[in-house]
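Geometric and topological summary
Listed below, chain by chain, are the residues.
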Amino acid sequence: MNRRLLLIASLALLAGCATAPPPVLTTAQAAHPELEAVYSAVAGREGLTLEVTSGGCTEKADFVFYVERSGETVTLSFARKRLDPCRSLVAAKKAISFTWAELGLEPHRPVFLLNPLTAWVR
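Residues numbered from 1 in each chain as written. Predicted model: local features only at pLDDT ≥ 70, side-chain atom pairs only at ≥ 80, totals over all residues. Heavy atoms only, no water.

This part is about the state of the cysteines. Under the definition given, this model contains 1 disulfide. A sulfur-sulfur distance of 1.5 Å marks the disulfide that ties Cys-57 to Cys-86. Judged by the torsion about the S-S bond (-50°), the Cys-57/Cys-86 disulfide is left-handed. Here Cys-86 lies in the loop between β6 (73–80) and β7 (92–99) and Cys-57 lies in the loop between β4 (47–54) and β5 (63–70), a separation of 29 residues in the sequence. (Disulfide = S-S within 2.5 Å. Helix = DSSP H or I, 4+ residues; strand = E, 2+ residues; numbered from the N terminus.)

This part is about the pattern of salt bridges. Under the criterion given, the structure shown has 6 salt bridges. Note that Lys-60 is salt-bridged to Glu-102, the shortest N-O span being 2.7 Å. Of this pair, Lys-60 sits in the loop between β4 and β5 while Glu-102 sits in helix α2 (residues 100–103), and the two are 42 residues apart along the sequence. Glu-102 gets classed as partly exposed once you look at its relative accessible area, which sits at 38%. (Salt bridge = Lys/Arg side-chain N within 4 Å of Asp/Glu carboxyl O. Buried < 20%, exposed > 50% of the residue type's maximum accessible area, 1.4 Å probe, protein only.)

One can find Val-67 in strand β5. Relative accessible area serves as the criterion here: at 19%, Val-67 is assigned to the buried category. Separated by 44 residues in sequence, Val-67 and Val-111 have C-alpha atoms that sit 9.4 Å apart. Not counting the four nearest positions on each side in its chain, Val-67 is found in contact with Val-74, Thr-75, Leu-76, Leu-103 and Leu-105. (Contact = heavy atoms within 4.5 Å.)

Take the pairing of β6 next. Walk down a regular strand and you will see the side chains alternate between the two sheet faces. Of all 8 residues in β6, 7 are buried; the element is thus mostly enclosed. Inspection of the sheet shows β5 paired to β6 by 8 bridges, in the antiparallel sense. Note that in β6 the partner of Ser-70 across the bridge is Thr-73. Taken together, β5 and the strand that follows it, β6, pair antiparallel across an intervening segment of 2 residues, in which Gly-71 is found at a positive phi of about 65°. Here 2 bridges tie β6 to strand β8 (residues 112–113), and the two strands are oriented parallel to one another. Looking across to β8, one finds that Leu-76 is bridged to Leu-113. (Pairing = 2+ DSSP bridges.)

If you look at the biggest cluster of nonpolar residues, it comprises 14 residues, and the most contacted ones within it are Leu-48, Leu-50, Leu-76, Phe-78, Phe-98, Leu-103 and Leu-105. Looking at this core, the elements that each hand over two or more residues are β4, β5, β6, β7 and α2. When sequence neighbours within four positions are dropped, the list of residues in contact with Leu-48 reads Ala-41, Val-42, Ala-43, Leu-76, Phe-78, Ile-96, Ser-97, Phe-98, Trp-100 and Leu-103. (Core = buried A, V, L, I, M, F, W, Y, C linked by side-chain atoms within 4.5 Å.)

Here the focus is the side chain of Asn-115. Here Asn-115 is to be found in the segment after β8. With a relative accessible area of 7%, Asn-115 lands in the buried category. Within the local environment of Asn-115, its side chain forms a polar contact with the backbone oxygen of Glu-36, the two atoms lying 2.7 Å apart. Polar side-chain contacts of Asn-115 include one of 2.7 Å to the backbone oxygen of Phe-78. In this structure Asn-115 touches Leu-35, Glu-36, Val-38, Leu-76, Ser-77 and Phe-78, once residues within four positions along its chain are discounted. (Polar contact = N/O pair within 3.5 Å; in protein donor to acceptor, adjacent residues only side chain to side chain.)

Here it is, written out as structure tokens:
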């Protein structure tokens, strides 16, 4: 009986050591209730580049965006359509870029990004 308890305790300990993905912000008002946490967001001349977590298979096609206009205010949010099924041995991040035309936005207008910003600590 003691060996079984030791085995169960060991498995529980190992399961607790697995790394979790970055926290995800959830809001009831958001068009996509689970917004992707980003490591960085850079607005450039041609478009917007986001750095997101990746298990090795993350692609631009895995993301959907939502633009909301309220008067002069424009908000933008990104969410994953599907999770990255790959599991690399090393934590990674990936840069994905969207042109202003793809987003339906003008490059010289201010945009509020609603996604949470998280630190790259790996």
